[in-house]
Amino acid sequence: MDIRLSGVSHAYGQMEVMRDITLDIPSGQIVCIVGPSGCGKSTLLRFIGGLERPDQGEVLQMGAPPEGCLNPLTYIFQDFALLPWRSVAGNVSLVLEDHGIRGTRAREIIDDVLDRTKLTDFAKALPKQLSGGMKQRVAIARALAVRPAVMLMDEPLSALDSQTRELLMDDLIALWTRTPFTAVYVTHNLAEAVRLGHSIVVLSRRPGQIREIVEIRKPLAERGFADPDLEAQQKHLWNLMRDEARAADAELLHG
Amino acid sequence: MADPGTTARRVDFRGGGFAPQSRRWVGLVVFVLLIAFAEWGTRTGFISALTLPKPSDVLETFRQLYETGLLWKHLIPSLSRLAVGAALGASVGIGVGVLIGLFSYIRAGLVPLIAAIFPIPKIALLPLFVIWFGIDEGSKYALIAFGTFTPTVVATYGAVDNVDRSLIRMGQSFGLSWRSIVLKIVLPGAMPGILSGLRISLAIAIILLVAAEMLGAEYGIGAYILEAGALYDLERLFAGVVILSLLGVLVSAAISMIERQLLGWRT
Ligand SMILES: Nc1ncnc2c1ncn2[C@@H]1O[C@H](COP(=O)(O)OP(=O)(O)OP(=O)(O)O)[C@@H](O)[C@H]1O
Ligand SMILES: [Mg+2]
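The rules we used
- Residues numbered from 1 in each chain as written.
- Chains lettered and ligands numbered in written order.
- Predicted model: local features only at pLDDT ≥ 70, side-chain atom pairs only at ≥ 80, totals over all residues.
- Helix = DSSP H or I, 4+ residues; strand = E, 2+ residues; numbered from the N terminus.
- Buried ≥ 20, exposed ≤ 12 C-beta atoms within 10 Å, placed from the backbone.
- Contact = placed C-beta atoms within 7 Å.
- Near = placed C-beta within 6 Å.
- Nonpolar A, V, L, I, M, F, W, Y, C, P; charged D, E, K, R; others polar.
- pLDDT = per-residue confidence, 0-100.
- Pairing = 2+ DSSP bridges.
- Axes fitted to C-alpha atoms, helices over the stretch in contact; angles between N-to-C directions.
- Parallel < 35°, antiparallel > 145°, perpendicular 65-115°, else oblique.
- Left-handed = near helix turned anticlockwise from the far one by under 90°.
- Core = buried A, V, L, I, M, F, W, Y, C linked by C-beta atoms within 7 Å.
- Domains from an automatic or database assignment.

Student: Just to check I follow, could you spell out the overall build of chain A for this structure?
Tutor: Within chain A, the regular secondary structure consists of seven helices and nine strands. Looking at chain A as a whole, 42% of its 255 residues qualify as buried. For chain A, the proportion of contacts with a sequence separation of at least 24, taken over those separated by at least 6, is 75%.

Dropping the structure here:
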């Protein structure tokens with residue numbers, strides 16, 4: 001299932017946040033969205049997932065979601081959004097219960113996703129006992145459990161320290177290599193974007209418009225920490241963004 | 001770094017306090033000291049027998065009460081009134097509070113009404129309840145229920161308001177039904193606030209229980225205290241008061257136990 005955005009524009013009251021975004025998200029690829037603060041990245045993600053409606057333009061699902069998909073458009077949040085009163089397994093089970101999946105069938109799915117996110121030993125732990133990185137892995141496991149057609153990730157690693165971030169990026173790459181998934185990945189961090197993105201969409205400052213789409217051909221599995229090719233790409237991205245970011249920063253100061 | 005001649009001084013510690021810790025025995029010690037002081041004072045005549053009964057006499061009265069079987073005769077009707085009234089008031093209160101928390105129209109309609117009835121001393125309405133629900137148990141249940149209802153409502157809708165919106169958003173993004181979101185996200189998330197509200201509501205229920213029984217009941221702790229008071233029988237008066245205090249401590253302990261059971265997830 002692909003996602004197509006065509007001519008999406010939006011304004012909050014007088015403030016225009018997004019102008020004429022047209023973008024294809026091909027299935028099986030990770031599309032990163034980068035852009036200065038306040039350019040509408042999170043808003044765009046809410047449009048894609050149907051949590052909000054754009055003023056103009058539309059978001060289309062091209063084709064049917066794959067067989068067995070319970071929640072085609074599934075979010076992974078920056079703040080994890082785990083229920084603190086449910087164990088790791090309980091948090092995963094939460095999203096299955098509403099689909100009538102209980103008992104052994106639920107247990108099979110839970111065991112599988114916890115295994116894929118290396119959380120098997122922590123199935124009974126409560127969120128308060130987990131580190132930030134583990135919490136986000138639980139959120140990833142929960143997302144995997146509903147077999148999403150597209151994962152919508154809004155700065156999923158931003159709340160984590162940089163070492164944990166590296167580890168989780170490796171985990172995400174391993175997950176993708178095992179079974180490629182489609183994802184829209186919003187981030188501030190250009191290093192994340194070049195590590196995880198098949199293509200990187202650079203947005204301008206508010207109102208957000210697409211400035212450039214950078215394709216990175218190197219396979220995910222071959223990209224490593226401090227990879228010279230990626231550094232060059234990252235530098236290119238930063239050159240694109242620097243002036244925008246500076247202008248956006250100044251804009252916020254003037255209100 | 002430092003010159004050989006400079007003096008070294010340890011940095012003063014100033015980070016302690018402001019972190020409540022479990023020190024159960026302190027409460028007990030305070031009780032024991034107070035009672036020991038009263039016993040000593042009444043025995044030596046330092047405190048006159050007219051101002052305070054001897055704690056040992058109160059204990060003796062209590063023992064007689066127990067042995068004659070009068071204790072249960074008074075306690076059982078009181079406890080059943082408390083249980084029925086508080087259960088009614090708290091459950092309706094939680095229900096209405098959740099509705100106010102979830103629906104804007106219900107909130108707009110009921111919050112001013114609740115604000116209007118909250119400050120009414122419910123005891124003042126007892127005659128009205130007697131007319132509405134009869135002189136027997138009905139009016140007592142109603143008084144206790146009404147008194148528990150208002151604080152429970154206010155605590156509950158405040159607790160629902162405080163449930164983390166990002167969790168609700170998460171539920172919606174996974175396509176959870178409205179019912180599931182309320183039952184699995186909103187209610188558990190509001191539980192800490194609801195339980196601390198119950199602590200207050202149930203203390204109010206005990207106060208109202210006594211008030212209701214003072215205004216017309218043959219048996220009950222309230223009636224017992226009223227009778228003792230009318231006769232200036234301080235030993236019996238205090239025995240009754242001690243029963244009420246114990247009841248309050250028990251209710252509070254029960255809520256603490258429920259909190260430990262249900263809210264172990266809190267950090
Ligand atoms: N519900 C809303 N009502 C009004 N204004 C909003 C709303 N949501 C977002 N905005 C505004 O729209 C603009 C874009 O917000 P958005 O959160 O999409 O930006 P972002 O690119 O995700 O920013 P950041 O990088 O800081 O996360 C911001 O200026 C924000 O203040
Ligand atoms: Mg954002």
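Student: What is the right way to look at the site of ligand 1 in this model?
Tutor: Residues and elements named next belong to chain A. Taken together, Y12, V17, G35, S37, G38, C39, G40, K41, S42, T43 and H188 make up all the residues around ligand 1. With three residues, the top contributor of residues to the shell around ligand 1 is helix α1 (residues 41-49). Its residues placed into classes, the shell around ligand 1 shows three nonpolar, seven polar and one charged.

Student: Looking at this model, I keep getting lost on the confidence of the model for chain B. Mind explaining?
Tutor: Parts of the model with low pLDDT should not have their predicted coordinates read in detail. When pLDDT is averaged along chain B, the result is 90, and 99% of the positions lie at 70 or above. Our summary of model confidence lists the complex with pTM equal to 0.84 and ipTM equal to 0.88.

Student: Can you walk me through the environment of D20 of chain A in this structure?
Tutor: Residues and elements named next belong to chain A. Within the element layout of this structure, D20 appears in strand β2 (residues 15-25). With 15 C-beta atoms counted inside 10 Å, the residue D20 sits in the partly exposed group. When the C-alpha atoms of D20 and L5 are compared, they prove to be 9.3 Å apart, with 15 residues separating the residues in sequence. Apart from the residues lying within four places of it in its own chain, the contact partners of D20 are G7, S9 and Q209.

Student: Can you walk me through the sheet that holds strand β9 (residues 210-215) of chain A in this structure?
Tutor: Either a parallel or an antiparallel arrangement is found when strands of a sheet pair, and the pairing is made through backbone hydrogen bonds. Residue and element names in this part refer to chain A. Sheet architecture is open: six strands sit in the order β5-β6-β7-β3-β8-β9, paired in mixed fashion. Strands with a single pairing partner mark the edges of an open sheet, and in this sheet they are β5 (73-76) and β9. Ignoring strand direction, the axes of neighbouring strands in this sheet form an average angle of 20°. Bridging between strand β6 (residues 150-154) and strand β7 (residues 182-186) involves five bridges; their strand directions are parallel. Pairing of V150 across the sheet is with T182, part of β7.

Student: Got a minute to help me understand the interface of chain A and chain B in this structure?
Tutor: By a widely used convention, the size of an interface equals the accessible area lost when the partners come together. In this complex, chain A contributes 17 residues to the contact, which on the side of chain B involves 16 residues. Elements that contribute at least two residues to the side of chain A that touches chain B include exactly β5 and α2 (88-97) of chain A. Taken together, the residues that form the side of chain A that touches chain B break down as eleven nonpolar, three polar and three charged.

Student: Which parts of the structure should I look at to understand the packing of helix α4 (residues 132-145) of chain A against helix α5 (residues 162-178) of chain A?
Tutor: Residue and element names in this part refer to chain A. Between α4 and α5, whose axes approach to 10 Å, the crossing angle comes to 25°. What the angle tells us is that α4 and α5 run roughly parallel. The way α4 lies across α5 gives a crossing that is right-handed. Only T164, L167, L168 and D171 of α5 make contact with α4, whose side of the interface consists of G132, G133, Q136 and R137. By residue class, the composition of the contact of α4 with α5 is two nonpolar, four polar and two charged.

Student: How should I be thinking about unusual backbone geometry in this particular structure?
Tutor: Across the chain, the bulk of peptide bonds are trans and the bulk of non-glycine residues have phi less than zero. Looking along the chain, the bond that leaves R206 of chain A and enters P207 of chain A is cis, with omega of -5°. Along the polypeptide, P207 of chain A turns up in the loop between β8 (199-203) and β9. Look at Y232 of chain B: it is not a glycine, yet its phi comes out positive at around 50°. Assignment of secondary structure puts Y232 of chain B in the loop between α9 (221-230) and α10 (234-262). Y232 of chain B gets classed as exposed once you count the C-beta atoms within 10 Å, which come to 9.

Student: Sorry, what's going on with the sheet that holds strand β4 (residues 56-62) of chain A here?
Tutor: All names here are of chain A. Ordered in space as β2-β1-β4, the three strands form an open sheet in which the pairing is antiparallel. The sheet is open, and its two borders are formed by β2 and β4, each paired with just one other strand. Direction aside, neighbouring strands of the sheet carry axes that sit 15° apart on average. Sheet topology places strand β1 (residues 2-12) next to β4; six bridges connect them, and they run antiparallel. Paired with L5 across the strands is V59, a residue of β4.

Student: Can you walk me through the nonpolar core in this structure?
Tutor: Formed by 120 residues in total, the largest nonpolar core has its most connected members in C32, A145 and V184 of chain A together with I144 of chain B. Residues in contact with V184 of chain A, not counting those within four places in the same chain, are I25, V31, I33, L45, I48, V150, L152 and M153 of chain A.

Student: I keep staring at the pairing of β6 of chain A and nothing clicks. Help me out?
Tutor: Residues and elements named next belong to chain A. Along β6, five of the five residues are buried, which leaves the element largely enclosed by surrounding structure. Both faces of β6 are covered, namely the face carrying V150, L152 and D154 and the face carrying M151 and M153. Relative to β6, β5 runs parallel, the two sharing four bridges. Bridge pairing in β6 places I76 opposite M153.

Student: Help me out: how do you make sense of the domain arrangement of chain A in this one?
Tutor: All names here are of chain A. By domain assignment, chain A separates into domain 1 (2-66 + 149-253) and domain 2 (83-147). For domain 1 versus domain 2, the separation of C-alpha centres amounts to 26 Å. Facing nine residues of domain 1, the contacting portion of domain 2 comprises six residues. Sort the elements by how many residues they give to the side of domain 1 that touches domain 2 and α5 lands first, with five residues. Residues that form the side of domain 1 that touches domain 2 fall into these classes: seven nonpolar, one polar and one charged.

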